[in-house]
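Understanding the architecture of this molecule
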Amino acid sequence: MAERPYIVGNWKMHGTRAMLAEARAIDRAAERLLKVEVALAPPYTLIHATRKEAELIGIGAQDCHPADGGAHTGDISAAMLKDAGAGFTIVGHSERRADHAEKDADVRSKADAVLAAGMNVIVCVGETEAQRDAGKAESVVAKQLKGSLPQGDDVAGRVTVAYEPVWAIGTGRTPTVDDIGAMHRSIRKVLMGFYGEEDGANVRILYGGSVKPDNAAELLAADEVGGALVGGASLAAESFLGIIIAAAEGQDS
């Protein structure tokens, strides 16, 4: 597993140019916290402006269309995102899967497009509360991984997986640290089977789901957790930096 934790802020459908001040503050603070890799995924409209304002941290996108171009009104290709300044793209977020009926095959097509455009990709997976209660959490996530991950030579080094229990996103609820560790170990096993032991062992697995400054240290210490995909707490520099600092301090312990 990569040494530096990876903390990614997903701004979702939030943000106008007024929020560039938050991005600048995060970027400036990241200069003092080099033990952590920090990134933001603002809305499409802010990618270029955020890239200009934030020189150190990574800047990415929240989704893309799998096609290179064409008659797809309102959609944005991976090449367009790269041109705007994005270095990575999130695909398969639970909100895309639920709100836009995206299937695993759709997610894989998008992941392939992101890699073809020269960016890295964050592939999201996660179970619903009903699936967890039915004892199917690990099998559901394993199936999503196998159907969503991009394949090919030298691919694994450009892939990050984000595990997000759907029932914990934006609800204030979080699974136990033991639950998180068990799921991340299960994901690691799938990754090693999918990409081979060496490559699969080095793919970072992020935890996403109501990560906040007051629980970040505990969540990031769970087995096989290589960072966090942060939603609401990433919208303000103060709260996002609390998570980044927790990640940095965890490197010292």
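The coordinates are above.
As a starting point, this report considers the structure included with it.

**Section: helix α5 (residues 104-116)**
Here α5 contains 13 residues, and its C-alpha end-to-end distance of 18 Å stays within 8% of the 18 Å for a straight helix at 1.5 Å per residue. Listed as buried for α5 are Asp-104, Val-107, Lys-110, Ala-111, Ala-113, Val-114 and Leu-115. In this fold, the buried residues of α5 make contact with α3 (78-84), β4 (88-91), α4 (94-99), β5 (120-125) and α7 (137-148). Once α5 finishes, Gly-118 follows within two positions and takes phi at roughly 90 degrees, a positive value.

**Remarks on the packing of helix α1 (residues 20-30) against helix α11 (residues 237-252)**
Contact pair α1 / α11: the axes reach a minimum separation of 9 Å and the direction vectors enclose 25 degrees. With respect to α11, the axis of α1 lies roughly parallel. Crossing of α1 over α11 shows right-handed handedness. The segment α1 lies against α11, with Glu-22, Ala-25, Ile-26 and Ala-29 engaging Ala-237, Phe-240, Leu-241 and Ile-244. For the contact of α1 with α11, the per-class residue count stands at 7 nonpolar, no polar and 1 charged.

**A few points about the packing of aromatic side chains**
All chains considered together, the criterion is met by 2 aromatic pairs. Relative to Tyr-195, the ring of Phe-194 lies with its centre 5.0 Å away and its plane at 85 degrees, an arrangement referred to as edge-to-face. Exposure remark for Phe-194: the relative accessible area of 22% places this residue in the partly exposed category. Lying over the aromatic face of Tyr-6, Arg-204 brings its terminal NZ or CZ to 4.3 Å of the ring centre.

**Some thoughts on the pairing of strand β2 (residues 37-41)**
The buried fraction of β2 is high, at 4 of 5 residues. Pairing between strand β1 (residues 6-10) and β2: 5 bridges, direction parallel. What sits directly across from Ile-7, in β2, is Val-38. The handedness of the β1 to β2 crossover, carried by α1, is right-handed.

Criteria and thresholds
- Positions within a chain are numbered from 1, following the residues in the order the chain's sequence is written.
- For this predicted model, a pLDDT threshold of at least 70 governs which residues receive local features, and a threshold of 80 or more governs which side-chain atom pairs are given and counted, while totals over whole chains, interfaces and linings are taken from all residues.
- Heavy atoms from the whole structure form the basis of all side-chain values; hydrogens and water molecules are not counted.
- Each helix is a run of DSSP H or I of at least 4 residues and each strand a run of E of at least 2, with the numbering of both proceeding from the N terminus.
- The length a helix should cover is 1.5 Å for every residue beyond the first.
- When accessible area is computed with a 1.4 Å probe and restricted to protein chains, residues below 20% of their type maximum are described as buried, those above 50% as exposed, and intermediate ones as partly exposed.
- Residues count as neighbours in contact if any of their non-hydrogen atoms are within 4.5 Å of one another.
- Inter-axis angles, ranging from 0 to 180 degrees, are taken between N-to-C directions of lines fitted to C-alpha atoms, where helices are fitted over the stretch in contact.
- Here roughly perpendicular refers to angles of 65 to 115 degrees, roughly parallel to angles under 35, roughly antiparallel to angles over 145, and oblique to all remaining angles.
- We call a crossing left-handed when the near helix sits turned anticlockwise from the far one by less than a right angle, and right-handed when that turn is clockwise.
- Throughout, the ten residues Ala, Val, Leu, Ile, Met, Phe, Trp, Tyr, Cys and Pro are labelled nonpolar, Asp, Glu, Lys and Arg are labelled charged, and all others, Gly among them, are labelled polar.
- Aromatic pairing here means that ring centres of Phe, Tyr or Trp (its six-membered ring) are within 6.5 Å. Orientation follows from the plane angle: under 30 degrees is stacked, over 60 is edge-to-face, and everything else is tilted.
- Placement of a charge over a ring requires the Lys NZ or Arg CZ to be within 6 Å of the ring centre, with the centre-to-atom vector within 35 degrees of the ring normal.
- Pairing between strands is defined by DSSP: at least two bridges between them are needed.
- When the strands point away from the viewer, a crossover counts as right-handed if the route from the first strand across the helix to the second turns clockwise.

Functional significance is not addressed by these values, which are geometric in nature.
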